[in-house]
Amino acid sequence: MKLFLDSAITKDIIDRHKTGLIAGVTTNPTLIKKSGDNPLNVYKKLIDAGIHDISMEVVGETEREFFERGVTLYKEYGEYATIKLPCCIEALKACKRLSDLNVRTNVTLVFSPAQAILASLAGATYISPFIGRMDDNSLDGMKLINDISNALTGNTKILAASIRDPQSVGAAFSLGAHICTVPVEVFDKMYNHVLTDKGIEQFNLDSYG
Ligand code: E4P
């Protein structure tokens, strides 16, 4: 069981990483655009902060583009880089080649067990099913995690993504996710429980001395 942060705002990530509870970071072009920074700065700052597993997304149209852009990132960032590829045929071919070179990969935008199976056969280190976007479209994101978990054999890890609330983290792990990647707002909410706050207040009041 591991928790990643799904963000490209380096200040927020580094602050939460100091808790010692965060094992990696997932980014995507939209998150990087929102951060106002450029991808290379973002990766460099995260690496300097000691984050060892950073999903760096590549875009492209052909196997060659996906593969070459992945290799470029791997050459630059080495073991820190997880090459994130969308679940389409050209990117899956590139994923297979990158996996054969022992480069870590994350196949993203997974919305069906069939896609997860192909990504796993392509040697993906991680597959990212998008729970929130399924739910946004009246589909059952948690069922997808369960179905993928039942279908997959082998070493590919299920990285539950597009998570919108802390309850989904518990549910995804209990249905077979190995990793959940969460926005910082969700991570912050995971600490909190009204009954814990109430209990702490009472224990503080009652404590001897
Ligand atoms: C996953 O790796 C993606 O970056 C992310 O979880 C997408 O989440 P969203 O649906 O909230 O954009």
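Look a little higher up for the structure.
The model shown is predicted, which means the values in this text are computed figures rather than measured ones.

Definitions and limits used
Note on numbering: residues in each chain are counted from 1, in written sequence order. Given that the model is predicted, a residue must reach a pLDDT of at least 70 before its local features are reported, and side-chain atom pairs must reach 80 or more before they are shown or counted; all residues, however, enter totals for whole chains, interfaces and linings. As a rule here, side-chain values cover all heavy atoms of the structure and leave hydrogens and water aside. Only DSSP runs of H or I with at least four residues qualify as helices, and only runs of E with at least two residues qualify as strands; both kinds are numbered from the N terminus onward. Here, proximity means that at least one heavy atom of the residue falls within 4 Å of the molecule or strand. Counting of polar contacts relies on pairs of N or O atoms within 3.5 Å, with two restrictions inside protein: one atom must be capable of donating a hydrogen and the other of accepting it, and residues adjacent in sequence are counted only when both atoms are side-chain atoms. Accessibility throughout is a Shrake-Rupley quantity obtained with a 1.4 Å probe, and a residue counts as covered only by protein chains that appear here. A cavity, in this analysis, means grid points on a 1 Å lattice covering only the protein atoms where a 1.4 Å probe fits yet has no way out; a pocket is instead an open set bounded by protein on both sides within 12 Å along at least five of seven lines, and a residue lines either one if it has an atom within 4 Å of a point. In this description, a molecule resides in a pocket or cavity if more than half of its atoms sit within 2 Å of the grid points defining it. When residue character is reported, Ala, Val, Leu, Ile, Met, Phe, Trp, Tyr, Cys and Pro are called nonpolar, Asp, Glu, Lys and Arg charged, and the others, Gly included, polar. We call Phe, Tyr and Trp rings a pair once their centres come within 6.5 Å, taking the six-membered ring for Trp, and we label the pair stacked below 30 degrees between planes, edge-to-face above 60, and tilted otherwise. Exposure categories follow from relative accessible area, calculated using a 1.4 Å probe and restricted to protein chains: below 20% of the type maximum is buried, above 50% is exposed, and the middle band is partly exposed. Only when the NZ of Lys or the CZ of Arg is both within 6 Å of the ring centre and within 35 degrees of the ring normal is a charge said to sit over the ring. Only buried residues count toward a nonpolar core. Its members are Ala, Val, Leu, Ile, Met, Phe, Trp, Tyr and Cys residues joined through side-chain atoms within 4.5 Å. We call two residues in contact whenever any of their non-hydrogen atoms come within 4.5 Å of each other. Arc definition: it is the arc formed by the directions from the helix axis to the C-beta atoms.

Draft legend 1. Spatial organisation of the environment of Tyr-191. Along the polypeptide, Tyr-191 turns up in helix H10 (residues 184-191). Residues Tyr-191 and Pro-166 lie 25 residues apart in sequence; the distance between their C-alpha atoms is 9.2 Å.

Draft legend 2. Focus on the site of the ligand. Around the ligand sit Asp-6, Thr-26, Asn-28, Leu-31, Lys-84, Phe-130, Arg-133, Ala-161, Ser-162 and Arg-164, and those are all the residues in its vicinity. Here Asp-6 contributes a side-chain N or O atom positioned 2.7 Å from an oxygen atom of the ligand. One of the side-chain N or O atoms of Asn-28 is found 2.8 Å from an oxygen atom in the ligand. Look at the ligand: alone it shows 340 Å² of surface, and the protein chains cover 85% of it. Applying the majority rule of atoms within 2 Å of the grid points places the ligand in the largest pocket. Each residue belonging to the shell around the ligand can be placed in one class, and the counts come to three nonpolar, three polar and four charged.

Draft legend 3. Representation of the packing of aromatic side chains. Taken as a whole, this structure holds four aromatic pairs when the rule is applied. Judged by centre distance (5.5 Å) and plane angle (80 degrees), the ring pair of Tyr-43 and Tyr-77 falls under edge-to-face. With Tyr-43 in helix H3 (residues 39-48) and Tyr-77 in helix H4 (residues 63-77), this pair connects stretches of sequence that are 34 residues apart. By the burial criterion, Tyr-43 is buried, and Tyr-77 matches it. Over the aromatic face of Phe-67 sits the side chain of Arg-97, whose NZ or CZ is 3.7 Å from the ring centroid.

Draft legend 4. Geometry of the nonpolar core. Ranked by size, the top nonpolar core spans 57 residues in total, and within it Val-107, Ile-127, Cys-180 and Val-182 carry the most contacts. In this view, Cys-180 contacts Lys-2, Leu-3, Phe-4, Ala-160, Ile-163, Val-169, Ala-172 and Phe-173; residues no more than four positions away in its chain are not counted.

Draft legend 5. Region of the structure containing helix H9 (residues 166-174). Residues of H9 that are buried include every one of Ser-168, Val-169, Ala-172 and Phe-173, and no others. Within H9, the buried residues cover an arc of 130 degrees as seen down the axis, which keeps them to one side. Away from the buried face of H9 by more than 90 degrees, exposed residues Gln-167 and Ser-174 are located. Elements in contact with the buried residues of H9: strand E1 (2-6), helix H7 (131-136), helix H8 (141-151), strand E7 (157-160), strand E8 (179-182) and H10. Taking the backbone nitrogen of Gln-167 as reference, a side-chain oxygen 3.3 Å away marks Asp-165 as the first, capping residue of H9. Just downstream of H9 lies Gly-176, where phi reads positive at about 120 degrees.

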